[in-house]
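Listed below, chain by chain, are the residues.
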Amino acid sequence: MVPNLKAEALRYGNLAQLCYDAFDGKSYSKNYGTCYHSKRDLFNKMGMSESGYQVTKYVYANTNLLNQVFGEKPKDQGVWLGFIAVCTDPNEIRRLGRRDIVIAWRGTQTAEEWIEDLRDILVPTRLSYRCKRTGKNQEHHFADGVLIERGFLSCYTSTVRHRQGAAGATVNTSTRDLVVSEIERLIQVYEKEMDNLSITFTGQSLGAALATLSAYDIKQMLCTKHNFHQIPVTVFAFASPRVGNLAFAKRVEEIGVKVLRFVNKRDVVPKVPGVCMNENVGCLSKLLHWLPWTYFHVGFELPLHNNSPFIQHTHNLAYFHNLELYLHLLDGYVGSKQPFSWSGRDHALVNKSCDLLREKYEIPPKWWQEQNKGLVKGPDGKWTQPSEEE
């Protein structure tokens with residue numbers, strides 16, 4: 001693997017991991033479903049102050065389907081699913097050769113999000129785009145027969161209450177509208193740099209599916225606008241499930257979205273949905289591509305093998321889906337038939353939320369936790385949970 005490409009993939013993978021680390025998923029927390037930190041402080045508080053990016057928008061989605069069954073707290077504003085950021089550091093822009101806009105999506109973490117993942121019937125996608133000339137929303141049918149997994153599409157188009165403006169007024173809008181409007185705004189801000197703009201999506205699991213879907217959507221939007229179509233759109237997808245059908249996979253390729261999928265060969269998530277009818281079945285799947293359960297992966301797959309000497313044997317299938325394990329295996333990846341070659345990424349990160357490192361490395365399992373579980377000692381000597389940061 002080209003070292004520069006691997007370094008970039010690891011960099012975007014770290015942004016996807018940040019979405020897990022910064023998410024308050026504790027059901028007892030009054031800030032449940034939010035990010036621990038404000039947009040202004042996110043990178044600094046998470047130890048990524050030298051990333052060169054500035055967060056411009058938080059992304060929320062409404063996945064609150066079965067809160068009464070699972071005991072989850074209902075949140076009208078949805079749960080925090082990631083962020084949109086733009087590269088503002090001159091040195092980083094010079095290194096990249098472009099000004100990059102990144103959209104990082106968090107993977108499945110709440111019970112409702114797992115339910116979304118399991119709604120594995122393909123449905124038509126009808127996404128409209130605002131015409132610059134008329135100012136009206138128009139539905140564009142770029143490719144007949146494009147179908148998307150119902151749960152992913154539902155999450156992406158879900159309605160949330162969004163705080164707008166300094167006055168703090170709230171309006172109902174969709175997750176998709178939040179993403180599209182912010183991308184349009186950033187493109188207008190940096191319109192003079194149009195030839196040196198890029199848009200990159202990243203995520204793991206559900207986040208990878210949403211990254212692929214939103215990249216497809218944004219590229220379609222760019223194709224409707226004069227001089228926007230040349231902006232490159234790329235996806236770094238980790239442990240992505242299948243997102244759509246054959247027509248979707250073809251359309252993603254036709255419009256020029258570059259998708260690089262990293263797959264742990266022992267991870268079951270990339271094998272679903274479409275266990276029985278998928279791209280590996282051959283001619284039969286292409287013949288029956290119109291069925292609502294015939295799925296096809298998109299882009300290029302890079303398989304990762306569990307050949308790291310740092311990792312102990314385990315039968316816990318959930319561990320093979322862990323993003324930190326993915327990044328560790330990618331760090332040591334040289335080629336499909338080459339042995340693991342450690343490049344220096346801290347191996348202690350593997351045990352952040354699992355127990356995979358060999359005992360001789362003396363790294364405790366599941367060591368990542370918020371200090372004092374988020375409680376702060378006040379001037380009166382009492383421990384309380386602070387309010388959500390703005």
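Residues numbered from 1 in each chain as written. Predicted model: local features only at pLDDT ≥ 70, side-chain atom pairs only at ≥ 80, totals over all residues. Heavy atoms only, no water.

Going by the annotation in an unreviewed UniProt entry, the name recorded for the protein is Fungal lipase-type domain-containing protein, with Cryptomeria japonica given as the source organism. Looking at the Subcellular location (unreviewed entry) heading of the UniProt record, one finds this comment for the protein: "Plastid, Chloroplast". As recorded by UniProt, the Sequence similarities (unreviewed entry) comment attached to the protein reads in full: "Belongs to the AB hydrolase superfamily. Lipase family." (UniProt positions renumbered as here; feature names shortened; annotations may be inferred.)

Novice: Describe the overall build of the protein, naming the residues involved and giving the relevant values.
Specialist: Of the regular secondary structure elements, the protein holds eleven helices and 15 strands. Taking as baseline every contact in the protein between residues at least 6 positions apart, the subset at least 24 positions apart corresponds to 70%. Of the roughly 18700 Å² of accessible surface on the protein, a fraction of 52% belongs to carbon and sulfur atoms. (Helix = DSSP H or I, 4+ residues; strand = E, 2+ residues; numbered from the N terminus. Contact = heavy atoms within 4.5 Å. Areas by Shrake-Rupley, 256 points an atom, 1.4 Å probe, with all protein chains shown as cover.)

Novice: I'd like to hear about unusual backbone geometry, residue by residue, with values.
Specialist: Residues other than glycine predominantly adopt negative phi, and peptide bonds predominantly adopt the trans conformation. The omega angle of the peptide bond from Val272 to Pro273 is -15 degrees, so this bond is cis rather than trans. Mapped onto the secondary structure, Pro273 falls in the loop between β12 (258-264) and α10 (283-287). In this structure, Ser205 takes a positive phi of about 60 degrees despite not being glycine. On the secondary structure map, Ser205 appears in the loop between β10 (197-204) and α8 (206-223).

Novice: How would you sum up helix α9 (residues 246-254)? Please name residues and give values.
Specialist: For α9, the complete set of buried residues consists of Leu246, Phe248, Ala249, Arg251 and Val252. Packed against the buried residues of α9 are β7 (147-149), α8, β12 and α10. Looking one or two residues past α9, Gly256 carries a phi angle of roughly 90 degrees, positive in sign. (Buried < 20%, exposed > 50% of the residue type's maximum accessible area, 1.4 Å probe, protein only.)

Novice: Let's hear about the sheet that holds strand β2 (residues 79-87): which residues, and what values?
Specialist: Taken in spatial order, the seven strands of this open sheet run β1-β2-β3-β10-β11-β12-β13, and their pairing is mixed. Both edges of this open sheet fall to β1 (53-61) and β13 (300-304), since each of them pairs with a single strand only. Here the strands of the sheet are splayed against their neighbours by 15 degrees on average, with no regard to which way each runs. Of the strand pairs in this sheet, β12 and β13 are connected by five bridges, and their pairing is parallel. Bridged to Leu260 within β13 is Phe300. (Pairing = 2+ DSSP bridges. Axes fitted to C-alpha atoms, helices over the stretch in contact; angles between N-to-C directions.)

Novice: Break down the nonpolar core for me, with residues and values.
Specialist: Of all hydrophobic cores here, the largest spans 51 residues; its most connected members are Trp105, Ile183, Ile199, Phe201, Ile218 and Leu222. The element best represented in this core is α8, accounting for eleven residues. In this structure, Cys87, Leu325, Phe340 and Leu357 belong to the second largest nonpolar core, which totals 50 residues. (Core = buried A, V, L, I, M, F, W, Y, C linked by side-chain atoms within 4.5 Å.)

Novice: Please set out the pairing of strand β3 (residues 99-105) residue by residue, giving values where relevant.
Specialist: Walk down a regular strand and you will see the side chains alternate between the two sheet faces. Burial analysis of β3 places seven of its seven residues in the buried class, which makes it a mostly covered element. A two-sided burial pattern is seen for β3, the buried positions comprising Arg99, Ile101, Ile103 and Trp105 on one face and Asp100, Val102 and Ala104 on the other. Sheet topology places β2 next to β3; five bridges connect them, and they run antiparallel. Within β3, the residue paired with Ile84 across the bridge is Ile103. Bridge analysis of β3 against β10 gives seven bridges, and the strand direction is parallel.

Novice: Outline the side chain of His328, supporting the account with residue identities and numerical values.
Specialist: As for its position among the elements, His328 is in helix α11 (residues 323-331). His328 gets classed as buried once you look at its relative accessible area, which sits at 2%. Excluding anything up to four places from it in sequence, His328 contacts Ser308, Phe310, Ile311, Phe340, Arg345, His347 and Val350.

Novice: Explain the environment of Met48 to me, and be specific about the residues and the numbers.
Specialist: Within the secondary structure, Met48 sits in the loop between α2 (42-45) and β1. Sequence-distant contacts of Met48, defined by excluding residues within four places in its chain, comprise Asn14, Leu15, Leu18 and Phe43.

Novice: How would you explain the environment of Ser49 if you had to name every residue and give the values?
Specialist: Within the secondary structure layout, Ser49 lies in the loop between α2 and β1. Excluding residues that lie within four positions of it along the chain, Ser49 makes contacts with Phe43 and Asn44.

Novice: Quick rundown of the pattern of salt bridges? Include the residues and the values.
Specialist: The full count for this structure, using the stated rule, is 18 salt bridges. A salt bridge links Lys26 to Glu370, with the shortest nitrogen-to-oxygen separation between them at 3.1 Å. Here Glu370 lies in the loop between α11 and β14 (376-377) and Lys26 lies in the loop between α1 (3-21) and α2, a separation of 344 residues in the sequence. Judged by relative accessible area, which is 28%, Glu370 ranks as partly exposed. Here Glu301 and Lys265 are joined by a salt bridge, their closest N and O atoms 3.5 Å apart. Within this pair, whereas Glu301 is found in strand β13, its partner Lys265 is found in the loop between β12 and α10, the two being separated by 36 residues in sequence. Since its relative accessible area comes to 29%, Glu301 is described here as partly exposed. Where salt bridges share partners, they join Glu8, Arg11, Glu92 and Arg95 into one cluster. (Salt bridge = Lys/Arg side-chain N within 4 Å of Asp/Glu carboxyl O.)

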